[in-house]
Amino acid sequence: MAVLSGPRHLDGSLGAAAGSDQPGSGEPADLVIANGRLVLPTGVVEASVAVRAGRIERIQPAGSNLPARRLLDARGRHVMPGLIDSHVHFRTPGLTHKEDWRHGSRAAVAGGVTTVIDMPNTVPPLFDPARAAAKAALIEGSSLVDFRFHLGVDPQRPDLLDTVTPREAVSAKVFMAGHHTAPHVVRDAAQLERIFRIAARSGLRLVLHAEDDRVFALLDRWRPGPSSYADYEPMRPRSGGIVAAATVIDLVERAGTATHVLHVSSAEEADLYAAAAASGLPITFEVTGHHLSFSDHDMLRLGSRIRLSPAIRQPADRERLWTAVFSGQAGTLGSDHAPHLQAEKCRPPAEAPPGLPGIQELASAVFTGMRRRRPDQPVDEQVALLARLGATAPADLFGLGGRKGRIEVGGDADFVIFDSRATWSLGASRVQSKCGWSAYEGWLFTGRADLTIRAGEVVHDAATGEFGAPSGRWLAAEPMAGPVPVPAGGGRPPDRVGVRR
Ligand code: NCD
Ligand code: ZN
Ligand code: ZN
């Protein structure tokens, strides 16, 4: 990456700030990223982008004379909006032996991610909106990325959701099934319905771990526990997700709750949620990097490293999820970055916890999968798809669309300079997560985040391995755009939609 310093013009000449072909004060911009393939909401164009005070100041055709204090030459590479990972478990507070914010945010920026939305299943969990500011205070000073939180739902006190304002959260996570790091499960049907109704009333988007715990409990009572890691998928089968999908779709029909279903793992669930969305219900779903990258065939080689909740399923499921990505059915891409220590993963088959680190690998794993499956599709289209599902869509779903997720004038100057031709492989020594391992070790990736920029500052440079300053901020979000439409005959509309301030 060529980094030139001192006030310069794009033709390389040092000199006075005022450019003849541009408006503005004539002061050099803080940063210009020149001549890259800019992934704009309207398409991919060769252009330069100027940054001032952490915001995007202007976008000019490539070759424009844009004076800058710092100039990055992105020729031959794509400039995407900084990626937004709306599904991470950075384990703060209470589980910081697995991951902490310093390591997690390093993994994020190494993967081109500049904003994360963290999950509440920490110790203690984030159930009470009044504790969000304290959690933010714990993180501030150690984060390379900007951040928000999904609120948790206490199965005993769903009414806490009624007290949330957009500052603390615009979304709440419900675990309909549990495991080692997800002990707070909503099992009671009436309670679940209350939660859907409160969320609709409060203008909160529910984000769901939608597997049915009763299905798993029934099967567990019926047959013995696993004797090998490969027994895991049949123990946590697709029926759990399919039964939960029926419940979720029914509740959304009746309550009108905006609902984002996380980590969809099977072909059947993808069909059900896509069909529900097509019928007009406010349902979207997430696909993870690992469900797109692995199948149960990899279990023999990778063992509990790819033990996930929901489980990694068959190749046909993985390919159905790819169809959801290419066709626009999938709402977002998420990493579900959920590290566990190697020693924890090495526990006997019945006890190894589900979850893997994945934020560093997400963009490259997904882009590699795109190139392998559709080598003839134009690279610009695939990079634009990655930007849409990995930045624009999560920004819009979670109240950040006014300032993040797109390269547009006035927005936050968060970028990833992405080399679509780079091939590389990830060794354990380059894993940034505190857990120190990756299920993708040895993969040959296509596409790499060369340079990650947040608020106009370089936060990771792949060429040097250097990181920037941990000055990531707790973000404010805009309230969700309501009201949520309830289809005719779909039951009582919510009393009120829209977030109180
Ligand atoms: C996650 C974790 O470990 O916190 N594990 C996982 O397998 N995905 C929790 C979760 O998202 O269910
Ligand atoms: Zn989950
Ligand atoms: Zn998760």
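Here the structure is a predicted model, which means the values were calculated and not measured. (Residues numbered from 1 in each chain as written. Chains lettered and ligands numbered in written order. Predicted model: local features only at pLDDT ≥ 70, side-chain atom pairs only at ≥ 80, totals over all residues.)

**With respect to the site of ligand 1**
Argument step 1. Near ligand 1 the following residues occur: His89, Asn121, Thr181, Ala182, His209, Leu308, Ser309, Asp336, Ala338, Pro354 and Gly355.
Argument step 2. Residue composition of the shell around ligand 1, grouped by class: four nonpolar, six polar and one charged. (Near = placed C-beta within 6 Å. Nonpolar A, V, L, I, M, F, W, Y, C, P; charged D, E, K, R; others polar.)

**Quick notes on the pairing of strand S14 (residues 283–288)**
The side chains of a regular strand alternate, residue by residue, between the two faces of the sheet.
Argument step 1. The element S14 is extensively covered by neighbouring structure, given that six of its six residues are classed as buried.
Argument step 2. Side-chain alternation along S14 places Ile283, Phe285 and Val287 on one buried face and Thr284, Glu286 and Thr288 on a second face that is also buried.
Argument step 3. Where strand S13 (residues 259–261) lies against S14, three bridges are found, and the strand directions are parallel. Each residue of the ladder has a partner; that of His260, found in S14, is Thr284.
Argument step 4. Bridge analysis of S14 against strand S15 (residues 332–334) gives three bridges, and the strand direction is parallel. (Buried ≥ 20, exposed ≤ 12 C-beta atoms within 10 Å, placed from the backbone. Helix = DSSP H or I, 4+ residues; strand = E, 2+ residues; numbered from the N terminus. Pairing = 2+ DSSP bridges.)

**Here's the deal with the domain arrangement of the protein**
Argument step 1. Splitting the protein by domain gives domain 1 (2–80 + 418–467) and domain 2 (81–397).
Argument step 2. Its C-alpha centre places domain 1 at a distance of 30 Å from the equivalent point of domain 2.
Argument step 3. Contacts between the two partners involve 28 residues from domain 1, matched on the other side by 41 residues from domain 2.
Argument step 4. At the level of secondary structure, the elements contributing two or more residues to the side of domain 1 that touches domain 2 comprise strand S2 (31–40), strand S6 (78–81), strand S16 (415–425), strand S17 (444–454) and strand S18 (457–461).
Argument step 5. For the side of domain 1 that touches domain 2, the element with the most residues is S17, which contributes seven residues. (Domains from an automatic or database assignment. Contact = placed C-beta atoms within 7 Å.)

**Some thoughts on helix H6 (residues 238–255)**
Argument step 1. Between its terminal C-alpha atoms H6 stretches 25 Å, which fits the 26 Å expected from 18 residues at 1.5 Å a residue.
Argument step 2. Where H6 is concerned, the buried positions are Arg238, Gly240, Gly241, Ala244, Ala245, Val248, Ile249, Leu251, Val252 and Ala255. All buried residues of H6 lie within an arc of 165 degrees about the axis, which places them on one face of the element.
Argument step 3. Contact partners of the buried residues in H6: helix H3 (189–202), strand S12 (205–209), helix H4 (213–222), S13, helix H7 (267–278) and S14.
Argument step 4. Of the residues flanking the end of H6, it is Gly256, one or two places downstream, whose phi is positive at about 75 degrees. (Expected span 1.5 Å × (residues − 1). Arc of directions from axis to C-beta.)

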